[in-house]
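The residues making up each chain are set out below.
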Amino acid sequence: AEDGIRDRVASRGLGDVYKRQVVSISSNNSLVSKNRNGLGSGVIFSKDGYIVTNLHIISGEKISVKLHNGKIFPAKIIGLDKNTDIAVLKISPEEDLKPIVFGDSEVLKVGDSVLAIGNPYGIGLSVSNGIISATGRDYGNPYLQLIQTDAAINPGNSGGALINENGNLIGINSKIFSRTGAYQGIGFAIPSNLVVQISTCLLYTSPSPRDATLSRM
């Protein structure tokens, strides 16, 4: 299965294509200062600049988003959900962005091939491959039924994309199990169906209702 996804990544350029739909996020200006506090990733879900990420990477009021082309934009918080660790941000890009397409996390099977995309340790957007190791992991949070994967997820990957072999988002990378703080083969992602549900609620319960829609496959 992993050989198959490597072949598809090479032949179709999935890694490069979908890095365009994933961004680097910092708070308190860590993109400039290289302070890793508040450093993570996010996923573009509307062409006009709405982004979903993890709440736990937001460590200050000054939030910056860096696109694949190196452009940096200030971001404002649209909504936060502590129970699911989801945050929705908004930037104002100069041109339309390419949003990711959401897949159906309910149809995932153990052994399915996946790619994890994010900004590990702030070194820049990177792609790693692996499989679905398990589903329905709560990892101490009864609000979540997380996807477990062996794709490499490190600090800075939080909020990034877990995509299937068709390039559809099936999870938001969120946690790792590690005794060292670095990747040890066990990572967790918030299922895409829950991301859609919570992000939609945050968009339409914010002080100003939003027109953004999440693209579904």
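Residues numbered from 1 in each chain as written. Predicted model: local features only at pLDDT ≥ 70, side-chain atom pairs only at ≥ 80, totals over all residues. Heavy atoms only, no water.

## Topic: the overall build of the protein chain
So, point 1. From N to C terminus, the protein chain includes four helices and twelve strands.
So, point 2. The burial tally for the protein chain puts 52% of its 217 residues in the buried class.
So, point 3. Carbon together with sulfur atoms contributes 48% to the accessible area of the protein chain, which is approximately 9900 Å² in total. (Helix = DSSP H or I, 4+ residues; strand = E, 2+ residues; numbered from the N terminus. Buried < 20%, exposed > 50% of the residue type's maximum accessible area, 1.4 Å probe, protein only. Areas by Shrake-Rupley, 256 points an atom, 1.4 Å probe, with all protein chains shown as cover.)

## Thoughts on unusual backbone geometry
Excluding glycine, a negative phi dihedral is what most residues carry, and trans is how most peptide bonds are arranged.
So, point 1. Here the phi dihedral of Asp85 falls at roughly 65°; this positive angle occurs in a residue that is not glycine.
So, point 2. Relative to the helices and strands, Asp85 resides in the loop between strand E5 (72-81) and strand E6 (86-90).
So, point 3. Backbone geometry at Tyr121 places phi at a positive 55°, although glycine is not the residue there.
So, point 4. Here Tyr121 shows up in the loop between strand E7 (113-118) and strand E8 (126-137).

## A closer look at the pattern of salt bridges
Pairs may arise between side chains of opposite charge once their charged atoms sit close together.
So, point 1. In this structure the tally under the stated criterion is one salt bridge.
So, point 2. For Lys71, the salt bridge is made with Glu94, and the minimal N-O distance between the two is 3.0 Å. Of this pair, Lys71 sits in the loop between strand E4 (63-66) and E5 while Glu94 sits in the loop between E6 and E7, and the two are 23 residues apart along the sequence.
So, point 3. Judged by relative accessible area, Glu94 falls into the exposed class, the value being 63%. (Salt bridge = Lys/Arg side-chain N within 4 Å of Asp/Glu carboxyl O.)

## Things to note about the pairing of strand E2 (residues 39-44)
The side chains of a regular strand alternate, first on one face of the sheet and then on the other.
So, point 1. Counting buried positions along E2 gives six out of six residues, so the element sits mostly inside the fold.
So, point 2. In this sheet, E2 lies alongside strand E1 (residues 22-27) in antiparallel orientation, the contact comprising five bridges. Residue pairing for E2: Val22 is matched across the bridge by Val43.
So, point 3. Here E2 runs beside strand E3 (residues 50-54); their pairing, made up of three bridges, is antiparallel. Looking across to E3, one finds that Gly42 is bridged to Thr53.
So, point 4. Connecting E2 to the antiparallel partner E3 that follows it, the hairpin turn spans five residues, and Gly49 within it adopts a positive phi of roughly 110°. (Pairing = 2+ DSSP bridges.)

## Points about the nonpolar core
So, point 1. Residues Leu169 and Ile190 are the most contacted members of the largest nonpolar core, which totals 27 residues.
So, point 2. Elements represented by at least two residues in this core include exactly E3, E6, E7, strand E10 (161-164), strand E11 (169-176), strand E12 (187-191) and helix H4 (192-205).
So, point 3. The element that contributes the greatest number of residues to this core is H4, accounting for six residues.
So, point 4. If sequence neighbours within four positions are ignored, Ile190 has contacts with Asn54, Thr84, Asp85, Ile86, Leu144, Leu146, Ile170, Gly171, Ile172, Ser174 and Val195.
So, point 5. In this structure, Val23, Ile57, Ala75 and Leu97 belong to the second largest nonpolar core, which totals 14 residues. (Core = buried A, V, L, I, M, F, W, Y, C linked by side-chain atoms within 4.5 Å. Contact = heavy atoms within 4.5 Å.)

## What about the sheet that holds E6?
So, point 1. Judged by pairing direction, the barrel is antiparallel, and its six strands sit side by side in the order E1-E2-E3-E6-E5-E4 before closing back on the first. On average, adjacent strands in this sheet sit at an angle of 40° to one another, irrespective of strand direction.
So, point 2. Packed on one face of the sheet, H4 meets E3, E5 and E6 and runs near 55° to E6. (Axes fitted to C-alpha atoms, helices over the stretch in contact; angles between N-to-C directions.)

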